[in-house]
Amino acid sequence: MDSGPKVSVVTPFYNTAEFLAEAIESVLSQTYSNFEYLLVDNKSTDGSGDIARRYAALDPRIRFFENAAFVGQIDNYNGALSKIGGDSKYVKMVQADDAAMPDCLERMVAVAEQHPSIGLVSSYYFYGNDPSGTGVPRNLTFMSGKDVCRLMLLEKHFVVGTPSVVMYRADLVRAREQFYPLGRYHPDTEAAYSILLGHDFGFVHQLLSFVRADNVSITTKRRIFNPGPLDYLMVIERFGRAVLSDAEFRELADREWKTYWEFLGTSALRFRRQDFWKYHREGLATIDKKIDPSVVARGAVRRIASRALSPLGELTRRFSRAR
């Protein structure tokens, strides 16, 4: 497809030589051709920069940049986004260890062009070998942004994936000095929620992206800290009041905080390592919360009590079925 609005595709990278060529090839294989492709090297030492330079020499749509000095991942991503062309209407991130399906840009642009109020487009995606991103009703390709936030908060359908999964409207990227907020555990998720509070949502009911699950990344390293309950609380506390009624917010927050304190109480009984507690202390600090030992202790007692009663409940159910 040669016509249509211009898309800036962006791949910031650091020491991803093993996967970078696959990511680049996936972009160059798009059925939609009106795009520029920015490759931004964060001072790689494994030959990734050489790979990017070779591709840039072969395709005029590619612009190659090398940072003057190594920076953190989010600073690298924000710096890469600051380089998009002024004539681009949309921005698509393809992380250096991920890939885009051949019709990714074509399908996403088509949905975005149908509704100018859309600020973010998403789709189904592969997380490793597993399809992910479900939750949007099959008959809908357009939803209110706040309705999508409610869907994610109340039903736990995470439909905005990772940076490689979504496409943004370029003017919204340019409007934010730091598109991905610094000092947050999941800046891409928070950027998506922030966009959706003021703009609508588009969705393509097809698998359009591949997110690698078997490589060592910041996200995979955090799995040992069981981040799920804390991640959920972060978005509840930061965005829940904007899209939920007072009653909905209070019911959801009370339930999830109770679950979280019980989780930390169980973790204390398992003598988790100091880095586990550091992760949770620092995460809570981003929403102005602290670990209260007395609350954690009560959570542990509740969890122990519920497990102590569960065998009796199971015996009762078995006896009832046998009568």
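Computed from a predicted structure; not experimentally measured.

> Is there a simple way to explain the overall build of the protein in this structure?
Looking only at helices and strands, one finds 12 helices and 10 strands in the protein. Taken over C-alpha atoms, the radius of gyration comes to 22 Å for the protein, in line with the 20 Å a tight globule of 323 residues would show. Pairs at least 24 residues apart make up 81% of the contacts formed inside the protein by residues separated by at least 6 positions.

> Would you explain the confidence of the model for the protein in this entry?
Close inspection of predicted coordinates is inappropriate in any region flagged by low pLDDT. Across the protein, the average pLDDT comes to 91, with 91% of residues at or above 70. Within the model, pLDDT remains below 50 along residues 312–323, and this stretch shows 1 contact once partners closer than five positions in the same chain are excluded.

> Whenever I open this one, the packing of aromatic side chains confuses me. Can you help?
A full pass over the atoms with the stated rule returns 14 aromatic pairs. Note on Tyr260 and Trp261: the rings are 5.4 Å apart at their centroids and 50° apart in plane angle, and the pair reads as tilted. The burial state of Tyr260 is the same as that of Trp261; both residues are buried. Ring pairing ties together the aromatic residues Trp257, Tyr260, Trp261, Phe263, Phe276 and Trp277, which thus form one cluster. The ring of Phe65 is capped by Lys83, whose NZ or CZ atom sits 5.6 Å from the centre of that ring. We note Arg176 situated over the ring of Phe179; from NZ or CZ to the ring centre the distance is 5.2 Å.

> How should I be thinking about helix α10 (residues 246–269) in this particular structure?
An α-helical segment advances 3.6 residues per turn. Residues three or four places apart therefore align on the same side. Under the 1.5 Å per step criterion, the end-to-end length of α10 is 35 Å for 24 residues, consistent within 8% with the ideal 34 Å. Directly after α10, the chain includes Phe271, whose backbone phi takes a positive value near 55°.

> Help me out: how do you make sense of the environment of Pro102 in this one?
Considering the arrangement of structural elements, one finds Pro102 in the loop between β5 (99–100) and α4 (104–114). As for Pro102 and Gln30, which are separated by 72 residues in sequence, their C-alpha atoms are 4.4 Å apart. In contact with Pro102, other than residues within four places in its own chain, are Ser29, Gln30 and Thr31.

> I'm lost on the nonpolar core in this one. Help?
Within soluble globular proteins, side chains that are nonpolar generally end up buried alongside one another. Among the nonpolar cores identified, the biggest contains 63 residues, and Leu120, Val160, Phe201 and Tyr260 are the most heavily contacted of them. Look past the residues within four positions of Leu120 in its chain and what remains in contact with it is Val160, Val166, Met167, Tyr168, Ala192, Ile195, Leu196, Asp200, Phe201 and Gly202. Phe13, Ala23, Leu39 and Val109 belong to the second largest nonpolar core, which has 30 residues in total.

> When you look at the pairing of strand β6 (residues 118–127) in this model, what are you seeing that I'm missing?
Along any regular strand the residues' side chains alternate between the sheet's two faces. Most of β6 sits inside the fold, with 8 of its 10 residues counted as buried. Pairing between β6 and strand β10 (residues 200–211): 9 bridges, direction parallel. From the neighbouring strand, Val121 faces β10, where its bridge partner is Gly202. Pairing of β6 with strand β9 (residues 167–169) involves 2 bridges; the strand directions are antiparallel. Across the sheet, Val121 pairs through a bridge with Met167, a residue of β9. One ladder, built from 3 bridges, connects β6 with strand β7 (residues 130–132); its direction is antiparallel.

> In this structure, what is going on with the packing of helix α5 (residues 145–155) against helix α9 (residues 228–243)? I would like to understand it.
Helices that pack against each other are described as a pair by the angle of their axes relative to one another and the distance between those axes. Taken N-terminus to C-terminus, the directions of α5 and α9 make an angle of 140°; their axes are 10 Å apart at the nearest point. By the angle between their axes, α5 is oblique relative to α9. α5 and α9 meet at a crossing whose hand is left-handed. Along its contact with α5, which presents Lys146, Cys149, Arg150, Met152 and Leu153, the element α9 presents Tyr232, Val235, Ile236, Phe239, Gly240, Ala242 and Val243.

Calculation notes
Residues numbered from 1 in each chain as written. Predicted model: local features only at pLDDT ≥ 70, side-chain atom pairs only at ≥ 80, totals over all residues. Heavy atoms only, no water. Helix = DSSP H or I, 4+ residues; strand = E, 2+ residues; numbered from the N terminus. Rg over C-alpha atoms; globule rule 2.2 N^0.38 Å. Contact = heavy atoms within 4.5 Å. pLDDT = per-residue confidence, 0-100. Phe/Tyr/Trp six-rings, centres within 6.5 Å; stacked < 30°, edge-to-face > 60°. Buried < 20%, exposed > 50% of the residue type's maximum accessible area, 1.4 Å probe, protein only. Lys NZ or Arg CZ within 6 Å of the ring centre and 35° of its normal. Expected span 1.5 Å × (residues − 1). Core = buried A, V, L, I, M, F, W, Y, C linked by side-chain atoms within 4.5 Å. Pairing = 2+ DSSP bridges. Axes fitted to C-alpha atoms, helices over the stretch in contact; angles between N-to-C directions. Parallel < 35°, antiparallel > 145°, perpendicular 65-115°, else oblique. Left-handed = near helix turned anticlockwise from the far one by under 90°.

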